[in-house]
Amino acid sequence: MDPHQLPHIFIIAGPSATGKSTVARAIAESFGISMVEGDDLHPQENIDKMSEGHPLTDEDRWDWLKAVASVSVERASLPTSPPSELCGEHPGSPACITTCSALKRKYRNLLRSQLPELETAVLRFLFLTASEEELLRRIEERDNHFMKKGMVRSQIVTAEVPNTSEQDENCEDVEKDCTVIWTDNLSQDEVVEQALEIVKQLMLSSTSNECLDGEGAGDEAFAEDEN
Ligand SMILES: Nc1ncnc2c1ncn2[C@@H]1O[C@H](COP(=O)(O)OP(=O)(O)O)[C@@H](O)[C@H]1O
Ligand SMILES: O=C(O)[C@H](O)[C@@H](O)[C@H](O)[C@H](O)COP(=O)(O)O
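- Under an unreviewed UniProt entry, the protein chain has the name Gluconokinase and belongs to Orbilia blumenaviensis.
- One UniProt comment on the protein chain, placed under Sequence similarities (unreviewed entry), says "Belongs to the gluconokinase GntK/GntV family."
- Quoted verbatim from the Pathway (unreviewed entry) field of UniProt, the annotation for the protein chain is "Carbohydrate acid metabolism; D-gluconate degradation."

Structure, rendered in structure tokens:
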């Protein structure tokens, strides 16, 4: 199958308050593609736990990540009509934008491993990050959200910012399907602008899933270390 016709799943990842929902909404609206809000897929126990100021464990996140993957695959398979600026000469390629913190590499590996077959969809991560100070500032300004400022530290400590360095291309930990944006010194609009361009370029240039690394993502590997 022409890779341009494959469903594309873009996961907007990163710690709480880095701007995932803001960016995802803007991309979904601009390009007319579906959005999956990962927070909506947490079981109530996870929401309660975070609301009470307790970080989630690997175990808490396991089924949630699977749900995020399965809903995203489902949604990205629905026929949509992204505008030609997104598809170039390959109209009809369906896509979805998903927000999901996917803080650790093994969580991203789990998401990669959950695609039914690697040849049937293209998965890319856009990992947003910012300093602890900036996240505290944003969380304090945001109303009506279960994540309070006491959770920022654990989010920062847990986050493994993907290594995307081309110089490290042969290193085991390089995640070639990730792009990282440090958002500290960028306005919301500037981040959205960069994200729109990244998604557009990825849609236009997708060739294969050979960079996807689902290795070590099985239940056993996942369960090995807790936080
Ligand atoms: N680049 C940015 N600069 C300043 N504030 C931002 C930026 N991106 C998002 N925000 C603000 O930070 C808060 C958290 O953004 P949100 O999109 O809810 O983050 P997340 O979905 O990652 O938790 C919101 O109030 C949003 O308006
Ligand atoms: O893995 C986690 O610890 C959680 O997923 C956590 O990251 C949370 O779900 C969101 O990040 C909070 O919601 P916002 O991202 O919307 O702040």
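### Some remarks on the confidence of the model for the protein chain
Move 1: Predicted confidence across the protein chain gives a mean pLDDT of 84, with 78% of residues reaching 70 or more.
Move 2: Confidence drops under a pLDDT of 50 for residues 207-221, and excluding neighbours within four residues, the segment shows 31 contacts in the predicted structure.
Move 3: Confidence drops under pLDDT 50 across residues 223-227; counting only partners more than four residues distant or on other chains, this segment forms 14 contacts.

### Concerning the site of ligand 2
Move 1: If you check the shell around ligand 2, you find 15 residues, and the closest are Ser16, Lys20, Asp39, Arg61 and Gln155.
Move 2: Note that an oxygen atom of ligand 2 is positioned 2.7 Å from one of the side-chain N or O atoms of Lys20.
Move 3: One of the side-chain N or O atoms of His42 is found 2.9 Å from an oxygen atom in ligand 2.
Move 4: Relative to its free-state accessible area of 390 Å², ligand 2 is covered by the protein chains to the extent of 97%.
Move 5: Split into classes, the residues belonging to the shell around ligand 2 amount to 6 nonpolar, 5 polar and 4 charged.

### Overview of the site of ligand 1
Move 1: Around ligand 1 sit 16 residues in total, of which Ala17, Lys20, Thr22, Arg142 and Gln188 are the nearest.
Move 2: Within the contact set of ligand 1, an oxygen atom lies 2.9 Å away from a backbone nitrogen or oxygen of Ser21.
Move 3: Measuring from a nitrogen atom of ligand 1, one finds a backbone N or O atom of Leu186 at 3.1 Å.
Move 4: Here ligand 1 has 560 Å² of accessible area as a free molecule, and 81% of this is covered by the chains.
Move 5: Among the elements of the structure, α1 (20-31), α6 (132-141) and α8 (188-205) are those that each provide at least two residues to the shell around ligand 1.
Move 6: Partitioning the shell around ligand 1 into residue classes produces 4 nonpolar, 7 polar and 5 charged.

### Comments concerning the environment of Ser34
Move 1: By the element assignment, Ser34 lies in strand β2 (residues 34-37).
Move 2: Along the sequence, Ser34 and Thr98 sit 64 residues apart, while their C-alpha atoms lie 8.4 Å from each other.

Conventions adopted
- Residues numbered from 1 in each chain as written.
- Chains lettered and ligands numbered in written order.
- Predicted model: local features only at pLDDT ≥ 70, side-chain atom pairs only at ≥ 80, totals over all residues.
- Heavy atoms only, no water.
- UniProt positions renumbered as here; feature names shortened; annotations may be inferred.
- pLDDT = per-residue confidence, 0-100.
- Contact = heavy atoms within 4.5 Å.
- Near = heavy atom within 4 Å.
- Polar contact = N/O pair within 3.5 Å; in protein donor to acceptor, adjacent residues only side chain to side chain.
- Areas by Shrake-Rupley, 256 points an atom, 1.4 Å probe, with all protein chains shown as cover.
- Nonpolar A, V, L, I, M, F, W, Y, C, P; charged D, E, K, R; others polar.
- Helix = DSSP H or I, 4+ residues; strand = E, 2+ residues; numbered from the N terminus.

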